Structures are given as C-alpha cells and as structure tokens.
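# Secondary and tertiary structure notes
If you want the building blocks of each chain, they are given just below.
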Amino acid sequence: MYALILPASTPFVLLATVLGLSWWEDHILPTPPTEPAETLIEAPFVPAVPAQLTELLSFDTPLTREVARR
C-alpha cells in the first residue's frame, strides 16, 4: 500500500516545498537595498579587454597542424 502512496504524493510534497520556500523568501528574508535605475544608466559595463573573434573555417578546409592551432 505504501508503494502506491509515496509515488502519488511526491508531486504534492514538492509543490508544498516550493510554496513554503517562496513564502519564506518573501516574509522572512530581508529585502536587499534597491538602487535607483539612474545609477545603472550612468555607469555602463565596459569590458576590460575587447573580445577577439577567431576566423571561422569553411567546411572544406583540410585539417592541418597550422589550422588545428587556431
């Protein structure tokens, strides 16, 4: 009998767990301080090093040692 109850109740236990964690996150955890949206606009993200794009090989390029090092 327990072999039928446990698999059938598993989705409900998981749902209750997710709902409980969601409630706990909303009511118990402290809220992080919010920053104004203007701060994000004033300081855009600038990468430290520009990305270097590698040359794409065509499908008919023979694989040689020189090509494999790229």
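The shown structure was predicted, so the numbers you read here are calculated from the model rather than taken from an experiment. (Residues numbered from 1 in each chain as written. Predicted model: local features only at pLDDT ≥ 70, side-chain atom pairs only at ≥ 80, totals over all residues. Heavy atoms only, no water.)

## Notes on the overall build of the protein chain
The helix and strand inventory of the protein chain stands at 3 helices and 0 strands. Starting at the N terminus and walking to the C terminus, you meet the elements of the protein chain as α-α-α. Out of the 70 residues in the protein chain, the part that is buried amounts to 1%. (Helix = DSSP H or I, 4+ residues; strand = E, 2+ residues; numbered from the N terminus. Buried < 20%, exposed > 50% of the residue type's maximum accessible area, 1.4 Å probe, protein only.)

## Topic: a nonpolar patch on the surface
Among the surface-exposed residues, Leu 21, Trp 23, Trp 24, Ile 28 and Leu 29 lie close enough to one another that they form a single nonpolar patch of about 520 Å² accessible area. Its place among the elements puts Ile 28 in the loop between helix H1 (2-27) and helix H2 (37-42). (Patch = residues over 30% accessible without salt bridge, like charges linked within 9 Å, V, L, I, M, F, W, Y side chains within 5 Å. Areas by Shrake-Rupley, 256 points an atom, 1.4 Å probe, with all protein chains shown as cover. Salt bridge = Lys/Arg side-chain N within 4 Å of Asp/Glu carboxyl O.)

## Observations regarding the confidence of the model for the protein chain
Parts of the model with low pLDDT should not have their predicted coordinates read in detail. Averaged over the protein chain, the pLDDT score is 77; the fraction of residues at 70 or greater is 59%. Per-element mean pLDDT across the protein chain ranges from 58 in H2 up to 93 in H1. (pLDDT = per-residue confidence, 0-100.)

## Here we look at H1
Residues spaced three or four apart along an α-helix point in a common direction, a consequence of the helix completing one turn every 3.6 residues. In this model, H1 (26 residues) spans 35 Å end to end at C-alpha, consistent with the 38 Å of a helix rising 1.5 Å per residue. Where H1 bends most, at Thr 10, the angle is about 40 degrees, and the proline Pro 11 comes one to four residues later. (Expected span 1.5 Å × (residues − 1). Bend = angle between axes of the 7 residues up to and from the residue.)

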